[in-house]
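For reference, the chains in residue letters:
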Amino acid sequence: MLLRLLMLVFFLSSFSGFASDDTQFSAFGTIGLVTSDSSRYGYRNDVSYHKGVYSGDIDFLNHSLLGVQLDKSLSSDVDFVGQAVIRDLADPKFERYITLGFLRYAPSANWQLRIGRTAPDIFLITEYRDVGVAYIWATPPNEVYGMIPFRSLDGADVAYSTHLGDGTLRAKVFTGQAESVISSAYSVIPIELKNIFGLSINFSTIDWSIQAQHTQVKLANEAEDNQQIIDAVAQMPPFIWPDAKQFSESLALKGKHASYTSISGQAYLGNFLLTAELAQITSNDTDVIPKLLSGYGSLAYQLGEHTLYSVYAFTDSDSYTFDEPGVKTQLIPELISGVESMNNFYASSQQTISIGWRWDFSDNISSSLQWNNTHIDDLGGALWLNDSADLSADTINVLMLSVSFSL
């Protein structure tokens, strides 16, 4: 908490030097429009967002944002970076609008230490996922980027880079804590992570790059909705549920561990751009967090100021159906439904084919028009909002138009 307070105070006080030669100020933003043809599954940008786009809706909130960034040099080897992004949030808090706020110490060209609020290094485009002009799509593929609600990490990281052949090898370790929310159609659930530890390795040349990341976290809180189900199961008498106490303990998430592992790469081949990312979420402590595999492959072709692109993306995880032996399910149907919903809350299984067109009006203004066709498997709609009891398979078309800029 002290680290967050210091970071915010320093971010605000840094604006006092806004007009000096050692200070740079920049801005970026996106106006995004989204429509969908589903009356059952509501499109959203990631699992933290609480407003779905349904059939007949014209939405400007999912993808729209405005960001400002301050870069201030404090000495020859120390600088400060602060960034704030204004967007529609499910649970607005001042500090959630502050996406970056760190001191950076670079004693040499090879070493770099950052302390404060940084972006967790788990994605291919971690450092610029909010800057729409920096990537070709209308939005980064939800199958990978929509599953993780955390955009900031409060802690520290150390990076080392060196030339290796014709390229650059960069390794980073980071640690800290993070907080965000996950939204359902009925509630907004706070999520806290502690003991975050991650490692990323990247090798890049002028034409291509490849990187691998692994992150481990500890869940630091129990959602109120989950605790109600856990308590209800624990109170079941043995004649209804013989091992209710033991089963209730298996549902708890507080204190459990999870990991995120990914490999990604990008290559320029003439006018073609190939991009791919593959990720896996696992937990050896609990079945409430299912093993989840996700990824995408993107192929783009640039012709002058126009770029045509296609994307195939997917998520894959097993769904849960209650089959515990000896339980008289007919006596507690609502509780059984709650247990199934809890175990399937983060289960996602879908496939998306996207086709898009990006137009670069100038070096710092672009637009992207993108059509998504998504097939959701039975019980696999965790990325979407659904306030009905019908969780069966569906195929949905989503149309997105974004205009992005940087200054």
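All chains use their own residue numbering, which begins from 1 and follows the written sequence. Since the coordinates come from a predicted model, pLDDT governs what is reported: local features require at least 70, and pairs of side-chain atoms require 80 or more to be given and counted, while whole-chain, interface and lining totals use all residues. Side-chain metrics rest on all non-hydrogen atoms present in the structure, leaving aside hydrogens and water.

Q: Help me understand the environment of Tyr49 in this model?
A: Within the secondary structure, Tyr49 sits in the loop between strand 1 (23-36) and strand 2 (65-73). Residues Tyr49 and Asp166, spaced 117 residues apart in sequence, show a C-alpha to C-alpha distance of 42 Å. Contacts were defined at the residue level, with two residues in contact if any of their heavy atoms lie within 4.5 Å. In this view, Tyr49 contacts Arg44, Leu61, Asn62, Asp88, Ser183 and Leu385; residues no more than four positions away in its chain are not counted. Working definition: helices are DSSP H or I runs of at least four residues, strands are E runs of at least two. Numbering for both runs from the N terminus.

Q: For this particular structure, what's the right way to read the pattern of salt bridges?
A: Whenever a carboxyl oxygen of Asp or Glu lies within 4 Å of a side-chain nitrogen of Lys or Arg, that contact is scored as a salt bridge. The tally for this structure, following the rule as stated, stands at 17 salt bridges. In this structure, Arg96 and Glu179 form a salt bridge, with 2.6 Å as the shortest nitrogen-oxygen distance. One end of the pair, Arg96, is in the loop between strand 3 (78-86) and strand 4 (98-105); the other, Glu179, is in strand 7 (residues 167-183), and 83 residues separate them in sequence. Where Glu127 meets Arg114, a salt bridge forms, and the shortest distance between an N and an O atom there is 3.6 Å. In this pair, Glu127 is assigned in the loop between strand 5 (111-118) and helix 2 (142-145) and Arg114 in strand 5, connecting sequence segments 13 residues apart. To sort residues, take the accessible area from a 1.4 Å probe on protein chains only and compare it with the maximum for the residue type: under 20% means buried, over 50% means exposed, and anything in between is partly exposed. Here Glu127 falls in the partly exposed class, since its relative accessible area comes to 41%. When salt bridges with common partners are traced through the structure, they connect Arg114, Asp121, Glu127, Asp157 and Lys172 into a single cluster.

Q: Help me understand empty space enclosed by the protein in this model?
A: If you roll a probe as big as a water molecule over the atoms, it shows you where there is empty space left. Using a 1 Å grid laid over the protein atoms alone, points where a 1.4 Å probe fits but cannot get out form a cavity; open sets with protein on both sides within 12 Å along at least 5 of 7 lines form a pocket; any residue with an atom within 4 Å of a point counts as lining. Grid points are joined across faces, edges and corners, and a volume is the space filled by probe spheres set on the points. One pass over the structure, following the stated rule, counts five cavities of 30 Å³ or more. Put simply, the largest cavity is a space of about 610 Å³. Asp46, Ser48, Arg87, Leu89 and Arg151 are the residues nearest the centre of the largest cavity, which is lined by 41 residues in total. Among the secondary structure elements, those contributing two or more residues to the lining of the largest cavity are strand 4, helix 2, strand 7 and strand 16 (394-406). In terms of residues, the lining of the largest cavity owes the most to one element, strand 7, which gives four residues. Any residue outside Ala, Val, Leu, Ile, Met, Phe, Trp, Tyr, Cys, Pro, Asp, Glu, Lys and Arg is labelled polar, Gly included; the first ten of those are nonpolar and the last four are charged. Considering only residue class, the lining of the largest cavity consists of 15 nonpolar, 14 polar and twelve charged. Empty space within the second largest cavity amounts to approximately 170 Å³.

Q: Please explain helix 4 (residues 244-251) as it appears in this structure.
A: An α-helical turn contains 3.6 residues, so a residue and the one three or four places further along point in the same direction. Inspection of helix 4 places Ala244, Phe247, Ser248 and Leu251 among the buried residues, and these make up the whole buried set. Viewed along the axis of helix 4, the buried residues span an arc of 100 degrees, placing them on a single side of the element. More than 90 degrees from the buried face of helix 4, the exposed residues found are Lys245 and Gln246. Contact partners of the buried residues in helix 4: helix 3 (224-234) and helix 5 (333-344). Directions pointing from the helix axis toward each C-beta atom define the arc.

Q: Is there a simple way to think about the side chain of Glu277 in this case?
A: Position of Glu277 among the secondary structure elements: in strand 11 (residues 272-282). Despite being buried, Glu277 has no salt bridge partner; Arg129 is the closest side chain of opposite charge, sitting 9.3 Å away. Side-chain atoms alone can form a polar contact between residues adjacent in sequence; in general such a contact is a pair of N or O atoms within 3.5 Å, and within protein one must be able to donate a hydrogen while the other accepts it. A distance of 2.7 Å separates the side chain of Glu277 from the side chain of Tyr296, its partner in a polar contact. We score Asp and Glu as negative and Lys and Arg as positive, and we do not count His or the chain ends.

Q: Just checking my understanding: could you explain the nonpolar core for this structure?
A: Generally speaking, a soluble globular protein has its nonpolar side chains buried in company with each other. Buried residues of nine kinds, namely Ala, Val, Leu, Ile, Met, Phe, Trp, Tyr and Cys, make up a nonpolar core once their side-chain atoms join them within 4.5 Å. Core analysis: the largest hydrophobic core is formed by 67 residues, its most contacted members being Val233 and Trp241. Among the nonpolar cores identified, the runner-up in size contains five residues, and Phe28, Val85, Val131 and Val133 belong to it.

Q: Explain the environment of His306 to me, please; I cannot follow it from the model alone.
A: With respect to the helices and strands, His306 occurs in strand 13 (residues 306-317). Look past the residues within four positions of His306 in its chain and what remains in contact with it is Tyr301, Trp357, Arg358 and Trp359.

Q: In this structure, what is going on with the packing of aromatic side chains? I would like to understand it.
A: We call Phe, Tyr and Trp rings a pair once their centres come within 6.5 Å, taking the six-membered ring for Trp, and we label the pair stacked below 30 degrees between planes, edge-to-face above 60, and tilted otherwise. Enumeration over the complete set of coordinates arrives at 14 aromatic pairs. When the centroid spacing of 6.0 Å and the interplanar angle of 15 degrees are considered together, the rings of Trp357 and Trp359 count as stacked. Exposure remark for Trp357: the relative accessible area of 34% places this residue in the partly exposed category. On the accessibility criterion, Trp359 (29% relative accessible area) is partly exposed. By the ring-pair criterion, three or more aromatic residues cluster together here, those being Phe123, Tyr145 and Tyr260. A cation over a ring is seen here: Arg114 above Phe102, with NZ or CZ 4.7 Å from the ring centre. Charge over a ring is defined by NZ of Lys or CZ of Arg lying within 6 Å of the ring centre and within 35 degrees of the ring normal.

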